[in-house]
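Summary of the model geometry
The residues making up each chain are set out below.
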Amino acid sequence: MSIEDDKTTLRHRMRTLRAEAAARDPDAAEKLAGIFPMKLLERYGPVVSAYVPINEELDPMPLLERLARAGAETCLPRMTPGGISWRAWAPGEPLERRGFGLLEPPEDAPELAPTLVLTPLLAFDTQGNRLGYGRGHYDQALSVLRAKGRAFACAIAYAAQQIDRVPSEPHDQPLDWAVTPIGSVPLFMMRNRSALTAPAPDSDPAA
């Protein structure tokens, strides 16, 4: 079975798990907003992107409102033929309904380059591997942002969306952090620790 086949199978399972998590915790968005570590805004802001939730994605809007009150410059993704374009948007401003029923900022909204990217997902693991929907929009957008400067990717998720392993490919962009309604997961620290403790490629673990 190919990696893409593994991802497809995992997506079906994680959609069900995420829906169950959302049904169990209707106050998850407010809980997450209340415990979000503001040091992330201080270190990786000031431009923060979020998303308009679809299906059972955890709603980042209560958090975005808190970050905006703290001085963040906020934006949302708008799909273009070339991929995601980040457009200025503040909580309470109007949105356009576009393809697939998605709500996005208007075309004339100023384009921004977020430095702290709040991302939706289906699953993540401790190495920062992210399972999205298979279209690659966030991987491409994060790659462009990181090529031009810094971009800190923070997953917004239910705790049940953390799993042991997400299949990854070379083009997949890693997450740096994850926040759930029960706490934070410092993914970049865990990834670095894992790299430091891994044996060298040509070493003999049994030696």
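As a starting point, this report considers the structure included with it. (Residues numbered from 1 in each chain as written. Predicted model: local features only at pLDDT ≥ 70, side-chain atom pairs only at ≥ 80, totals over all residues. Heavy atoms only, no water.)

**Brief notes about the pattern of salt bridges**
Under the counting rule described, the total for this entry stands at 7 salt bridges. The residue Arg78 makes a salt bridge to Glu96 at a minimum N-O spacing of 3.2 Å. Here Arg78, found in strand β2 (residues 73-80), pairs with Glu96, found in strand β4 (residues 96-97); they are 18 residues apart in sequence, far enough to count as distant. Residue classification places Glu96 among the partly exposed positions, given a relative accessible area of 32%. Connected through shared salt-bridge partners, Lys7, Glu169 and Asp172 make up one network. (Salt bridge = Lys/Arg side-chain N within 4 Å of Asp/Glu carboxyl O. Helix = DSSP H or I, 4+ residues; strand = E, 2+ residues; numbered from the N terminus. Buried < 20%, exposed > 50% of the residue type's maximum accessible area, 1.4 Å probe, protein only.)

**Quick notes on helix α1 (residues 3-24)**
Spanning 22 residues, α1 covers 31 Å between terminal C-alpha atoms, matching the ideal 32 Å at 1.5 Å per step. Listing the buried residues of α1 in full gives Lys7, Leu10, Arg11, Met14, Arg18, Ala21 and Ala22. (Expected span 1.5 Å × (residues − 1).)

**Observations regarding the layout of surface pockets**
Estimates place the volume of the largest pocket at around 840 Å³. Around the largest pocket sit 35 residues that line it, and Ile54, Leu102, Tyr133, Arg135 and His137 are the ones nearest its centre. When contributions to the lining of the largest pocket are tallied by element, the ones reaching two or more residues are α1, β2, β5 (103-104), β8 (130-131) and α5 (137-148). Broken down by element, the lining of the largest pocket gets its largest block of residues, 4 residues, from α1. Broken down by class, the residue content of the lining of the largest pocket amounts to 15 nonpolar, 8 polar and 12 charged. Taken as a whole, the second largest pocket spans an internal volume of roughly 290 Å³. What lines the second largest pocket is a set of 19 residues, and nearest its centre among them are Trp86, Glu111, Val144, Leu145 and Lys148. (1 Å grid on protein atoms, 1.4 Å probe; cavity = no way out; pocket = protein on both sides within 12 Å on 5 of 7 lines; lining within 4 Å. Points joined across faces, edges and corners; volume = space filled by probe spheres on them. Nonpolar A, V, L, I, M, F, W, Y, C, P; charged D, E, K, R; others polar.)

**Digging into the side chain of Lys7**
Here Lys7 shows up in helix α1. A polar contact is formed between the side chain of Lys7 and the side chain of Glu169, at a distance of 2.9 Å. For Lys7, the contacting residues outside a window of four places in its chain are Leu131, Pro167, Glu169 and Asp172. (Polar contact = N/O pair within 3.5 Å; in protein donor to acceptor, adjacent residues only side chain to side chain. Contact = heavy atoms within 4.5 Å.)

**Structural notes on unusual backbone geometry**
Residue Pro46 is bonded to the preceding Gly45 through a cis peptide linkage, with omega at 10 degrees. Backbone geometry places Asn55, a non-glycine residue, at a positive phi of 50 degrees. Tracing the backbone through its elements, the reader meets Asn55 in the loop between β1 (47-49) and α4 (61-69).

**Overview of the packing of helix α2 (residues 28-35) against α4**
Taken N-terminus to C-terminus, the directions of α2 and α4 make an angle of 30 degrees; their axes are 7 Å apart at the nearest point. Taken as axis vectors, α2 and α4 run roughly parallel relative to one another. The interaxial crossing formed by α2 with α4 has right-handed handedness. Contacts between α2 and α4 involve Ala29, Glu30, Leu32, Ala33, Gly34 and Ile35 on the former and, on the latter, Pro62, Leu63 and Arg66. (Axes fitted to C-alpha atoms, helices over the stretch in contact; angles between N-to-C directions. Parallel < 35°, antiparallel > 145°, perpendicular 65-115°, else oblique. Left-handed = near helix turned anticlockwise from the far one by under 90°.)

**Brief notes about the packing of aromatic side chains**
In this structure the tally under the stated criterion is 5 aromatic pairs. An angle of 80 degrees between the planes, with centres 6.0 Å apart, marks the rings of Phe152 and Phe188 as edge-to-face. Linking Phe152 in strand β9 (residues 152-156) with Phe188 in helix α6 (residues 187-197), this pair joins segments that are 36 residues apart in sequence. Phe152 gets classed as buried once you look at its relative accessible area, which sits at 6%. Relative accessible area serves as the criterion here: at 22%, Phe188 is assigned to the partly exposed category. Considering the side-chain rings of Trp177 and Phe188, the 6.2 Å spacing of their centres and the 35 degrees angle between planes classify their relative orientation as tilted. One end of the pair, Trp177, is in strand β10 (residues 177-180); the other, Phe188, is in helix α6, with 11 residues separating them in the sequence. With relative accessibility at 5%, the residue Trp177 sits in the buried group. An aromatic cluster is defined as three or more aromatic residues linked by ring pairs; in this entry it consists of Tyr44, Phe152, Trp177 and Phe188. (Phe/Tyr/Trp six-rings, centres within 6.5 Å; stacked < 30°, edge-to-face > 60°.)

By themselves, these observations are geometric and do not establish any function.
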